[in-house]
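The residues making up each chain are set out below.
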2 protein chains.
Amino acid sequence: MDIKSNIEEKGKKAREGARRLASLSTAVKNLALMEMADAIEAGAEGLKRENQKDIKAGEVQSLSSALIDRLTLNDKRISEMAQGLREVAALPDPVGEVTRMWKRPNGMQVGKIRVPIGVIGIIYESRPNVTADSAGLCIKSGNGVFLRGGSEAINSNKAIAEILIDAGSKAGLPEGAITMVDIVDREAVMTMLRLDNYIDLIIPRGGEELIRTVSANSTIPVIKHYKGICHTYVDEDADVSMAQDICFNAKVQRPGTCNAMETMLVHKGIADKVLPALIERLRKEGVELRVCSRTHLIDSTLRLAAEEDWNTEYLALILNIKIVDDMDEALRHIETYGSQHSEAIVTNNHKRAMQFLSEVDAAAVFVNASTRLHDGGQFGLGAEIGISTTRIHARGPMGLEELTSMKFIVLGDGQVRE
Amino acid sequence: MDIKSNIEEKGKKAREGARRLASLSTAVKNLALMEMADAIEAGAEGLKRENQKDIKAGEVQSLSSALIDRLTLNDKRISEMAQGLREVAALPDPVGEVTRMWKRPNGMQVGKIRVPIGVIGIIYESRPNVTADSAGLCIKSGNGVFLRGGSEAINSNKAIAEILIDAGSKAGLPEGAITMVDIVDREAVMTMLRLDNYIDLIIPRGGEELIRTVSANSTIPVIKHYKGICHTYVDEDADVSMAQDICFNAKVQRPGTCNAMETMLVHKGIADKVLPALIERLRKEGVELRVCSRTHLIDSTLRLAAEEDWNTEYLALILNIKIVDDMDEALRHIETYGSQHSEAIVTNNHKRAMQFLSEVDAAAVFVNASTRLHDGGQFGLGAEIGISTTRIHARGPMGLEELTSMKFIVLGDGQVRE
């Protein structure tokens, strides 16, 4: 069978599996997740053996040590995968919730009920744990999952998927509920991206290049974020030590994440009070600073930021600082350079707080809190499959609820259209 | 300027316009809609003149009289366009609603607030009124609208758009809020469908062929429905006269619509009671019947349905009838031939009503009501831009709320990530 037919055949089975899966009871789904977790742990030795093949191939291809590290499965990571599945099992089942119901003048009741989306395609790279994490969230929300991992982790991903499919099927999951594309050829992913009859949504997980390739080639809706260029604006009326703590946390607590701050904007009226001590504290933490000419006047040892710096997601201990005349200048800067991901203001001025919340276009907007809090767990949504800056369906952390859709139900007693 | 650059330039301006539009007050948006309505009426003579050019061109190209009719603007239709804009002005503004807000253990408040999607692309054919209807709904929900009508109505659409843009701009709408693609060349629409930086959502309005072309070529999410092959299942425990009334209404009240019934499924235990009188009534109304072999035993003058009939959206006074052994057979038939649009059961059996609601996968599922009620107005949602069977973002009637998205807002007092 050629690659296209192979992928289409898998798609058809996934659609059939998802139909069965949609009406499975919460108990069966949870049992499947628990059995999958146990099987992952029981299969640890086999997983590490298969993982070694990927690691050796990666070494032959001289992958960077960072990439090899992301690829590696050890006992701790295997146990975390299993634990993740158990945590998803413990979350409430989103399917079946009637979110609203109302009565019409003709007496019929109209309501909206939460249902699974259908089949979710996940396209990812490097980290094999995404196989189990994505499958867990999709199964719990009643969706079939169609997995396509990176070629560099093909043996690890296949081994994990086999364990999940086998354990899930014994616990009552329908055939096709979990599908793994094990063809490395690029034609496989290109076919998958046009399988709009069988896949309802694509979620790419990986670097910006992967996500751009997926978006440019998919006829299926893609929910994603390219990058996080996040700002914190310290207003004239900010509490100085709160501003320093929030900015320090947003940059330093975990700089490699998409919700870490890349640029700090400071009102000219408070810059003298906020910046010197903060710059000192950031320097001690090893943060490299790139600053505007006005900040440079405060400390002339600092490097001047180039235009491209305002546009860069560092994912590292590097921070831009810019002094602005007023909030409008901050808003314009965020509009120009921001990635609609996470944006914060520090202020005690109520009117400006409200204006910032209303005018800033981002998946999450913060008043007096660190952008690092933009996270499904921190927001109380449970586990998440990623953060979306897409403007339809779901923005922000995508948890179980965001992996569902709604259908209308109508309860009548003979109503017809007049 | 070449076509691609021209469309990209328009896209960029639409994005900028939509940013301004997103924070306009309800009062300004409503004023703009009212002014647009007045201007449409005031410009009636000019509109009819431009419309004549399209009609003459259509006659030269020998368009069908049905198509010419859909193309035609007369005083009544022009006044309906204006009235539609006024009705949208009278609907509540969906933007700014905080749908939920909750407190986290660290004291921060996390909420979701309704915001416009951004820029909505509308691709449509024939009916020039879609220009005004779509623009009205998009403007009210704070979205920029990027219109591309059919070449057969280009003069009419341009004239309507010019009036809307001019009146809207005088009332305070930003430049770029309403954009009309006036290039007939196919390259224009193909460029538009890949403008994912500037357009957030595509809604095609027209025949199945148009919608399939749009879906196959768009890298922007498309919300649509291809067709409505809608069923009514009359259960063994149905009230006979209610079943007859609902089925008659679902077929006859307006057969050319997507939510009209194309196939009636009847339990074998009630077929003798329901069918003869209903068949008589449908015949009197001029309905052509295509039936299964068991129905044929009841009335041997009826034509036997061919396999393709079960798969056809007639949009006409033609109805398939099939007698089934039980509800499972009905559910399997709906799964095989249905279009996930509108599906109904008539029954007094509570358990089967609940099972039907839960298992049938469609944008709207009805118990004891006509599928013709699947409509934004009937559901109480106000005006709609179409019905969606897409499985993400919005299913069913797309009203103002479905033209919005959500963003997270976080109100803190110094919270950082531990």
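## Topic: the domain arrangement of chain A
Piece 1. Here the domain parsing of chain A yields domain 1 (3-223 + 398-409) and domain 2 (230-378).
Piece 2. Computed over C-alpha atoms, the centres of domain 1 of chain A and domain 2 of chain A are 36 Å apart.

## So, the environment of B:Gly377
Residue and element names in this part refer to chain B.
Piece 1. For Gly377, the position within the fold is in helix α16 (residues 376-379).
Piece 2. For Gly377, a count of 13 C-beta atoms within 10 Å translates into the label partly exposed.
Piece 3. Along the primary structure Gly377 and Gly142 are separated by 235 residues, whereas in three dimensions their C-alpha atoms are 21 Å apart.

## Looking at helix α1 (residues 3-22) of chain B
Residues and elements named next belong to chain B.
Piece 1. Across its 20 residues, α1 extends 28 Å between first and last C-alpha, which sits within 8% of the 28 Å expected from 1.5 Å per residue.
Piece 2. The complete set of buried residues in α1 reads Ile7, Lys10, Gly11, Ala14, Gly17, Ala18, Leu21 and Ala22. Buried residues of α1, seen end-on, are gathered within an arc of 135° and therefore sit on one face of the element. Opposite the buried face of α1, at more than 90 degrees from it, the exposed residues are Ser5 and Glu9.
Piece 3. Elements that come into contact with the buried residues of α1 comprise β2 (109-116), β3 (119-124), β4 (144-148), β5 (178-180) and α8 (186-192).

## Comments concerning the confidence of the model for chain A
Piece 1. For chain A, the average pLDDT comes to 96, and 100% of its residues sit at 70 or higher.
Piece 2. Confidence metrics for the complex model read pTM 0.93 and ipTM 0.93.

## Focus: the packing of helix α2 (residues 26-42) of chain B against helix α5 (residues 75-90) of chain B
Residues and elements named next belong to chain B.
Piece 1. The geometry of α2 relative to α5 is characterised by a closest axis approach of 8 Å and an angle of 170° between their N-to-C directions. By the angle class used here, α2 and α5 are roughly antiparallel. Contacts from Asn30, Leu33, Met34, Met36, Ala37, Ile40 and Glu41 in α2 reach Ile78, Ser79, Met81, Ala82, Leu85, Arg86, Val88 and Ala89 in α5.
Piece 2. Its residues assigned to classes, the contact of α2 with α5 comprises eleven nonpolar, two polar and two charged.

## Let's talk about the interface of chain A and chain B
Piece 1. Residue-level contacts link 58 residues of chain A with 57 residues of chain B.
Piece 2. Those elements that provide at least two residues to the side of chain A that touches chain B are α9 (208-217), α10 (240-252), α14 (350-359), β13 (364-369), α15 (376-379) and β16 (404-415) of chain A.
Piece 3. Counting residues per element, the side of chain A that touches chain B draws most heavily on β16(A), at eleven residues.
Piece 4. Across five bridges, β16(A) lies against strand β13 (residues 364-369) of chain B in parallel orientation.

Quick notes on the rules
Residues numbered from 1 in each chain as written. Chains lettered and ligands numbered in written order. Predicted model: local features only at pLDDT ≥ 70, side-chain atom pairs only at ≥ 80, totals over all residues. Domains from an automatic or database assignment. Helix = DSSP H or I, 4+ residues; strand = E, 2+ residues; numbered from the N terminus. Buried ≥ 20, exposed ≤ 12 C-beta atoms within 10 Å, placed from the backbone. Expected span 1.5 Å × (residues − 1). Arc of directions from axis to C-beta. Contact = placed C-beta atoms within 7 Å. pLDDT = per-residue confidence, 0-100. Axes fitted to C-alpha atoms, helices over the stretch in contact; angles between N-to-C directions. Parallel < 35°, antiparallel > 145°, perpendicular 65-115°, else oblique. Nonpolar A, V, L, I, M, F, W, Y, C, P; charged D, E, K, R; others polar. Pairing = 2+ DSSP bridges.

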